[in-house]
Amino acid sequence: MEPHDVAARSAGGQENADRLFSALWAPIGAAAVNAARLRPGSHVLDAWCGPGASAIPAAERVGPLGVIDAVDTAESSLDRGRAKAALRGLSHLRFLHGDVLDWPAPRRGYDAVVCALGGARLSDTPSGTERLLRLIRPGGRMTVTVWARDALAPLTEVARRALAPERPGAAVPPPGDPLHHLGTPPALRAWPAARSLSFIEVRHVPLVLPCDPDLLWPLTGIASGSLLDGLSPAAVGRVRRRFSEGLLGEDRDVIDASALVGTGTVLRVASTRRRASRSTRSSGSSPRTPGAYAASGSTPSGCSPTATSSPRPAHSTA
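Values in this document were obtained by computation on a predicted structure and should not be read as measured data.

A. The overall build of the chain, seen in detail. Helix and strand content of the chain: 10 helices and nine strands. Per-residue burial for the chain yields a buried fraction of 52% across its 318 residues. The contacts of the chain with a sequence gap of at least 6 include a subset with a gap of at least 24, amounting to 80%. For the chain, the exposed surface amounts to about 14,000 Å²; the carbon and sulfur share of it is 53%.

B. Seen up close, the packing of helix H6 (residues 153–163) against helix H9 (residues 233–248). Direction vectors running N to C along H6 and H9 enclose 140°, while the axes themselves pass 8 Å from each other. When the interaxial angle is binned, H6 and H9 end up oblique. In terms of crossing hand, the pair formed by H6 and H9 is right-handed. Together, Leu155, Val158, Ala159, Arg161, Ala162 and Leu163 of H6 and Val239, Arg242, Phe243, Gly246 and Leu247 of H9 make up the contact between the two elements. Of the residues in the contact of H6 with H9, the class split is eight nonpolar, one polar and two charged.

C. Structural view of the packing of aromatic side chains. Evaluated as defined, the whole model comprises two aromatic pairs. Look at Trp25 and Trp147: their rings are 6.3 Å apart centre to centre, the planes differ by 55°, and that puts the pair in the tilted class. One end of the pair, Trp25, is in helix H2 (residues 13–36); the other, Trp147, is in strand E5 (residues 136–147), with 122 residues separating them in the sequence. Accessibility classification places Trp25 together with Trp147 in one group, the buried group. When the ring of Trp217 is compared with that of Phe243, the centres are 5.2 Å apart and the planes differ by 65°; the resulting orientation is edge-to-face. Of this pair, Trp217 sits in the loop between helix H8 (213–216) and H9 while Phe243 sits in helix H9, placing them 26 residues apart in sequence. We note that Trp217, like Phe243, is buried. Sitting over the face of the ring of Phe21, Lys84 holds its NZ or CZ atom 4.2 Å from the ring centroid.

Rules and cut-offs
Residues numbered from 1 in each chain as written. Predicted model: local features only at pLDDT ≥ 70, side-chain atom pairs only at ≥ 80, totals over all residues. Heavy atoms only, no water. Helix = DSSP H or I, 4+ residues; strand = E, 2+ residues; numbered from the N terminus. Buried < 20%, exposed > 50% of the residue type's maximum accessible area, 1.4 Å probe, protein only. Contact = heavy atoms within 4.5 Å. Areas by Shrake-Rupley, 256 points an atom, 1.4 Å probe, with all protein chains shown as cover. Axes fitted to C-alpha atoms, helices over the stretch in contact; angles between N-to-C directions. Parallel < 35°, antiparallel > 145°, perpendicular 65-115°, else oblique. Left-handed = near helix turned anticlockwise from the far one by under 90°. Nonpolar A, V, L, I, M, F, W, Y, C, P; charged D, E, K, R; others polar. Phe/Tyr/Trp six-rings, centres within 6.5 Å; stacked < 30°, edge-to-face > 60°. Lys NZ or Arg CZ within 6 Å of the ring centre and 35° of its normal.

Limitation: the analysis is restricted to geometry and does not speak to function.
And the structure:
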């Protein structure tokens, strides 16, 4: 279950879900879209879109000649996204139910894939990443956001202590797992570089949230996982009470909720390199891995390097 859905079903219901959307998901989604540099008329996949934090600004950016395929498995999130799109008249924004990792690419590939904090849904991060990359046309952009290191840090420990009397020894996963190891700029920059993306940029998105237990509860590994399954309503109430008391006992006014946005351009092997590869195969040497990406020395259309972006040397997909 997505945090958006948990918020809607927890104390405060839709009001807390809307507060969290405005305070957290929408700013991160907007930052992802800004980093993606979407052009008017682009065809974009928003992977694990939730209720539209990145899909809505993406649709506004590409305009009515573009198309946004916003894909998720959480039907309640999709319904809220459809309502938001209808209010804004974004008929080219399509909220679609499906598994992102089984999603078919359009005939010419997507111009961009945006994954704003959706990486927590990757059960197998390397293969899932490669699947997303194969959906992108040559010269298209991949954009992913992750929690910055130490973002939401106190929540995991407070949640663990709150759960312990009901579930002794239970491990509470950190927010953003399994991509929490990418929470520094060097680590996030190395991740697309290892997959031979080029013109890589990493941006820091500073955010803080008020230390409000009802607002922050959906962000814990308890609320978004299955650790409460099977507990009685009274036991769940005790966990929530201990979480609130523990968080307020931290004597904090705000919680850091910063994120990082990483982008890179997919440049596939040039035709001359393919011919060389065929020649190599005919001579009995080992072929290159199918689907490998390689950087060229030229800048793709619409992707001018900045001070923080530079072509990466070609190497095989990690």
